[in-house]
Amino acid sequence: MNRRRLFAMFWKECLQIARDPSTFMIAFLLPILLIFLFGYAVSLDTGRVRIGLSLQDDSEAATSLAAAFRNSPYFDVHQTGSTAELGRAVTRGQIRGFVVIPQDFGEQAITGGESIQVVTDGAQPNTASFLAGYTSGLKAEWAASRAADRGLAFAPPISLLPRYWFNPELASRFFLVPGAIAIVMTMIGSLLTGLVVAREWERGTMEALLATPLGMAEFITVKVVPYFFLGLASMAICAILGVTLFGVPFRGSILALLVISSCFLVPALGQGLFISSATKNQFVASQIALLSGFLPAMMLSGFLFEIASMPKWIQALTYVVPARYLIPQLQTVFVAGDNWSMFLTNCLILLGFGALFFWLSLRVTRRRIA
Amino acid sequence: MIDSLLSPRLLAIIVKEFWAALRDPRSRLLLFLPPLMQLVLFSTAATLEIKKVTLGVLDMDGGAASREFTNQLAGSPNVKRLVWLTSNEHLANAIDNQSVLGVLVFDASFSRDVAAGRSATVQFVLDGRRSNAAQIVSSYISQIAANTGAALRPAVRSDNGVRITNWFNPNLDYQWFIMPALVVQISALSALSVTSQSVARERELGTFDQLMVSPLQNWEIVLGKLVPPFVIGLFNGTVFLAIVPLVFGVPYTGSIGLFFLATAAGLFSILGIGMLLSTIARTQQQAFLGMFSIVPPMILLSGFASPIDNMPGWLQVIAMANPLTHFNVIMEGLFLKAMPFSDMMASIWPLLLSGVVTLALAIQQFRARME
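All figures in this text were calculated on a predicted structure; none of them were measured in a lab.

Draft legend 1. Structural detail: the overall build of chain A. Along chain A, the regular secondary structure elements total 14 helices and five strands. At 28 Å, chain A has a C-alpha radius of gyration far larger than the 21 Å of a compact globule built from 370 residues. C-alpha extents for chain A along the principal axes are approximately 95 × 45 × 40 Å. Put simply, 77% of the contacts in chain A that link residues at least 6 apart link residues at least 24 apart. Taken as a whole, chain A presents about 15,000 Å² of accessible surface, with 62% of it coming from carbon and sulfur. Chain A carries 27 positive and 21 negative side-chain charges, and their two centres are separated by 18 Å.

As structure tokens, then:
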């Protein structure tokens with residue numbers, strides 16, 4: 001390898017990256033945007049749910065339960081009225097459900113047999129089950145406090161006391177920030193690299209490059225190394241913003257984070273290189289990178305959806321999604337701390353995928369020249 | 001204008017654009033196959049139900065009550081396997097390595113407490129790294145705790161006097177929610193990826209100048225470029241409309257005519273964004289990367305990933321300006337809620353407005369680039 005030649009080519013790649021505003025956008029603006037969105041917008045933690053209330057009884061018991069709903073931090077009693085009016089509001093999506101306190105509520109409450117009706121908007125199943133759970137909870141608490149007022153003990157025979165390790169407040173940004181890092185690195189690895197190399201093929205400058213005395217290994221190195229550092233830089237932006245602005249803990253070591261990210265970038269870049277050498281067309285390369293890189297990283301990596309709950313054939317598919325091996329490591333290094341036995345296994349798998357992709361791209365490129 | 005709408009010139013550019021989009025067999029495949037694949041793959045993968053969870057049990061009690069509880073656990077359809085742990089150290093290891101999502105801990109006095117009529121507590125230690133899944137599992141298990149309690153002490157009123165009815169989706173099937181949303185996301189993604197490259201590609205290849213010296217008007221060029229992705233989008237929409245109820249059993253309760261009206265309005269708004277992007281970009285790479293920078297925020301701020309009500313006020317304003325938000329409301333309404341035309345209009349006009357504004361900007365940008 002000729003060091004000067006290598007450096008000249010490397011410098012050419014860096015200039016090309018620095019000159020294109022779109023590269024800058026993907027590598028620096030997108031991570032910032034994603035972290036802000038995951039920090040502010042996509043809290044999966046359900047806040048106050050907007051509900052309607054139909055109070056059909058004026059007994060003391062009924063008004064006291066209605067007041068409990070109005071004062072609850074989990075509900076925003078947005079609208080009151082008849083069940084027909086509230087029903088229309090649910091259809092329009094103005095409220096997510098409503099509570100009916102029926103006419104005989106006060107009478108039934110004397111014997112403890114009172115009941116309420118809750119209607120939820122099943123079109124939003126998450127909010128609906130939240131609503132079901134919290135209305136039941138509120139009603140039970142209300143009944144317990146009234147029983148206590150009358151000097152009766154009221155406690156369920158068995159109660160569950162959940163304790164959430166690593167994330168006692170259940171802040172969803174704790175797992176969204178590692179997810180954002182995975183997405184950004186996938187974008188830079190497979191999409192950006194894929195596009196850049198495909199463009200060289202499309203414009204015919206690839207043949208020119210291959211005609212230079214550069215060896216194949218040198219060629220791949222200069223193509224890929226700048227994007228490797230770009231990927232690490234965006235990872236760092238995500239990590240720093242997540243920790244400083246959004247209070248995501250960082251309980252592992254920086255060394256571990258660097259090792260994990262580097263190991264993931266190898267298959268990501270290899271995938272981009274392979275797609276572009278195999279397709280030689282920017283549109284086709286970008287679509288395939290989207291389908292095989294970005295979307296699986298989002299949907300099949302266990303970042304948003306539990307892999308164990310997926311059908312068997314999809315579970316089998318997730319084993320070839322590199323991001324699957326990254327997500328648990330990132331979640332661990334941020335919220336739990338270093339766990340090297342877990343890191344090493346996953347990193348080895350990632351490097352294996354990387355080797356496969358690079359070998360495939362070498363083969364495809366060689367064949368093209370021949 | 002009416003005359004020129006029917007002019008052979010406009011027809012010629014539309015035919016040319018269809019050729020450009022459909023000529024290459026690989027690109028042609030990419031226009032129709034991936035949307036279908038995504039629908040099938042992601043609708044089955046995207047589930048928030050936790051069906052087969054592995055849990056640990058640390059039973060320091062070993063009495064009748066804890067046995068009853070674990071029997072109920074093992075019989076639950078949500079639990080795949082129970083792992084028996086023997087010490088706190090064992091417990092910490094199992095959670096650290098993610099071999100279990102959570103561990104139920106029964107104190108030595110658990111069965112005695114239940115027998116004596118005291119309120120007995122089960123500790124449930126969960127992996128907060130996967131806080132979402134942990135929360136869902138915790139709600140399943142608290143239901144099992146209540147059932148076990150009722151079985152062990154039948155005197156206590158087991159129903160809490162809350163009767164729940166879920167409208168539009170009685171079993172709260174997550175797929176019923178995800179399908180209409182996926183129809184929106186996938187249509188948007190595929191329409192954007194075709195439109196955003198249309199002008200940028202001509203510019204990169206140098207054929208843009210040829211187009212400019214032709215007798216075609218600016219708006220004719222833009223319209224010609226919009227027709228093929230619009231038709232392709234409508235075609236894919238029709239396929240979705242057939243597949244979602246027939247293959248996945250998600251009901252379609254609205255009117256068929258309204259579906260096409262909604263899809264047309266939704267596509268119009270998205271094509272506007274794609275065209276604007278394409279006229280701003282100098283190269284295909286810029287157009288693609290621009291698209292990939294706006295798609296994640298558009299999806300995240302559409303009310304699909306998380307309810308808009310939970311966002312801070314200024315983000316709610318941005319979310320309301322996002323065409324996908326309105327597109328989502330309509331599709332959800334048409335599929336599940338038999339949304340009538342009068343309710344739909346409230347979400348149609350933002351789509352049309354967004355399309356008109358972005359297209360006007362795109363044509364202006366086009367003119368600016370020419371001079």
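Draft legend 2. Structural context of the pattern of salt bridges. For the structure shown, the criterion picks out 19 salt bridges over all chains. Residue B:Lys16 is joined to B:Glu17 by a salt bridge in which the shortest nitrogen-to-oxygen separation is 2.8 Å. Classification of B:Lys16 as partly exposed rests on a relative accessible area of 31%. The exposure class of B:Glu17 is buried, given its relative accessible area of 7%. Measuring nitrogen to oxygen at the nearest pair gives 3.1 Å for the salt bridge that ties B:Arg129 to B:Asp127. Classification of B:Arg129 as buried rests on a relative accessible area of 1%. On the accessibility criterion, B:Asp127 (0% relative accessible area) is buried. Through salt bridges that share partners, A:Lys12, A:Glu13, A:Glu200 and A:Lys223 make up one connected network.

Draft legend 3. Here's a closer look at the interface of chain A and chain B. The partner chain B presents 102 residues to the 108 residues of chain A that form the contact. There are four salt bridges connecting chain A and chain B. Of the charged contacts in the structure, one is a salt bridge between B:Asp343 and A:Arg92, with a shortest N-O distance of 3.1 Å. The tally of links between chain A and chain B comes to 36 residue pairs in polar contact (both at pLDDT 80 or more). If you tally residues by element for the side of chain A that touches chain B, the top one is helix α2 (residues 21-41) of chain A, at 12 residues.

Draft legend 4. Quick look at unusual backbone geometry. Residue and element names in this part refer to chain B. Even without a glycine there, the phi angle at Gln98 is positive, about 55°. Mapped onto the elements of the fold, Gln98 is located in the loop between α5 (88-96) and β3 (102-106). Phi at Ala338 takes a positive value of approximately 50°, unusual for a residue other than glycine. Relative to the helices and strands, Ala338 resides in the loop between α14 (323-336) and α15 (341-370). Owing to a relative accessible area of 41%, Ala338 belongs among the partly exposed residues under this scheme.

Draft legend 5. Structural context of the environment of A:Phe10. Residues and elements named next belong to chain A. By the element assignment, Phe10 lies in helix α1 (residues 3-19). Residues Phe10 and Phe130 lie 120 residues apart in sequence; the distance between their C-alpha atoms is 54 Å. With sequence-adjacent residues up to four places away left out, Phe10 is seen in contact with Val222, Val225 and Pro226.

Draft legend 6. Structural view of the sheet that holds strand β1 (residues 53-59) of chain B. Spatial strand order, β5(A)-β4(B)-β3(B)-β1(B)-β2(B): five strands in an open sheet with mixed pairing. Because the sheet does not close on itself, it has two edges, and the strands there are β5 (158-165) of chain A together with β2 (79-85) of chain B. Pairwise comparison of adjacent strand axes, ignoring direction, gives a mean angle of 25° for this sheet. One ladder, built from five bridges, connects β1(B) with β3(B); its direction is parallel. Residue pairing in the sheet places B:Asp59 in a bridge with B:Phe106 of β3(B). Of the strands in this sheet, β5 of chain A together with β1, β3 and β4 (120-127) of chain B touch helix α7 (residues 131-152) of chain B, which is tilted by about 165° from β5(A).

Draft legend 7. Structural detail: the confidence of the model for chain B. Residue and element names in this part refer to chain B. Per-residue confidence for chain B gives a mean pLDDT of 87; residues scoring 70 or more make up 96%. For chain B, helix α1 (residues 2-5) is the element with the lowest average pLDDT, namely 58, and helix α11 (residues 256-280) is the one with the highest, namely 95. Across the interfaces of the predicted complex, the ipTM metric reaches 0.82, alongside a pTM of 0.84.

Draft legend 8. Here's a closer look at helix α12 (residues 284-300) of chain B. Along its 17 residues, α12(B) runs 25 Å from first to last C-alpha, staying within 8% of the 24 Å computed at 1.5 Å per residue. Burial runs high along α12(B): 16 of the 17 residues are buried.

Each value, and the rule that gives it
- Residues numbered from 1 in each chain as written.
- Chains lettered and ligands numbered in written order.
- Predicted model: local features only at pLDDT ≥ 70, side-chain atom pairs only at ≥ 80, totals over all residues.
- Heavy atoms only, no water.
- Helix = DSSP H or I, 4+ residues; strand = E, 2+ residues; numbered from the N terminus.
- Rg over C-alpha atoms; globule rule 2.2 N^0.38 Å.
- Contact = heavy atoms within 4.5 Å.
- Areas by Shrake-Rupley, 256 points an atom, 1.4 Å probe, with all protein chains shown as cover.
- Lys, Arg positive; Asp, Glu negative; His and termini not counted.
- Charge placed at Lys NZ, Arg CZ, Asp CG, Glu CD.
- Salt bridge = Lys/Arg side-chain N within 4 Å of Asp/Glu carboxyl O.
- Buried < 20%, exposed > 50% of the residue type's maximum accessible area, 1.4 Å probe, protein only.
- Polar contact = N/O pair within 3.5 Å; in protein donor to acceptor, adjacent residues only side chain to side chain.
- Pairing = 2+ DSSP bridges.
- Axes fitted to C-alpha atoms, helices over the stretch in contact; angles between N-to-C directions.
- pLDDT = per-residue confidence, 0-100.
- Expected span 1.5 Å × (residues − 1).

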